[in-house]
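Examination of the molecular architecture
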Amino acid sequence: MKAPARTLAVVVSTLVVLGTTSATAWADSPASEAWPAAPERSTLEWLLLFGGGTIGLFVVVSLFGLLTARNNYVPPPPSTDLEVAPGNEAAHH
């Protein structure tokens, strides 16, 4: 499977899942007039309703990843070479 086919499969499956799971959200108007009308929502409220959970999940996962990340730095092994101080070259020969 090539990359464009994988991308298309992910997009199509995401759209199918969103379409099938959000079908009940369209049924928010009652069948009779006995129920009072729901208050109108602003654009900000709609964004918070649909995007807030996703953004919150990204924040929680990112924080968890940062808190549990390991520093994989491995220092180099100690050198066996001896450094000779200036002026003492004759003492080590």
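Residues numbered from 1 in each chain as written. Predicted model: local features only at pLDDT ≥ 70, side-chain atom pairs only at ≥ 80, totals over all residues. Heavy atoms only, no water.

Here we take up the overall build of the protein. Within the protein, the secondary structure is distributed over 2 helices and 0 strands. Across the 93 residues in the protein, those meeting the buried criterion constitute 0%. Carbon and sulfur atoms provide 68% of the accessible area of the protein, an area that totals close to 9300 Å². (Helix = DSSP H or I, 4+ residues; strand = E, 2+ residues; numbered from the N terminus. Buried < 20%, exposed > 50% of the residue type's maximum accessible area, 1.4 Å probe, protein only. Areas by Shrake-Rupley, 256 points an atom, 1.4 Å probe, with all protein chains shown as cover.)

If you walk through the whole model with that rule in mind, you get 1 aromatic pair. On the numbers, 5.6 Å between centres and 5° between planes, the contact of Trp46 with Phe50 is stacked. Placement of both Trp46 and Phe50 in helix α2 (residues 43-68) is noted, with a separation of 4 residues, approximately one turn of the helix. Judged by its relative accessible area of 36%, Trp46 is partly exposed. (Phe/Tyr/Trp six-rings, centres within 6.5 Å; stacked < 30°, edge-to-face > 60°.)

Our next topic: a nonpolar patch on the surface. A contiguous nonpolar surface patch, about 410 Å² in accessible area, is contributed by Ile55, Val59, Leu63 and Leu66. Note on placement: Val59 falls in helix α2. (Patch = residues over 30% accessible without salt bridge, like charges linked within 9 Å, V, L, I, M, F, W, Y side chains within 5 Å. Salt bridge = Lys/Arg side-chain N within 4 Å of Asp/Glu carboxyl O.)

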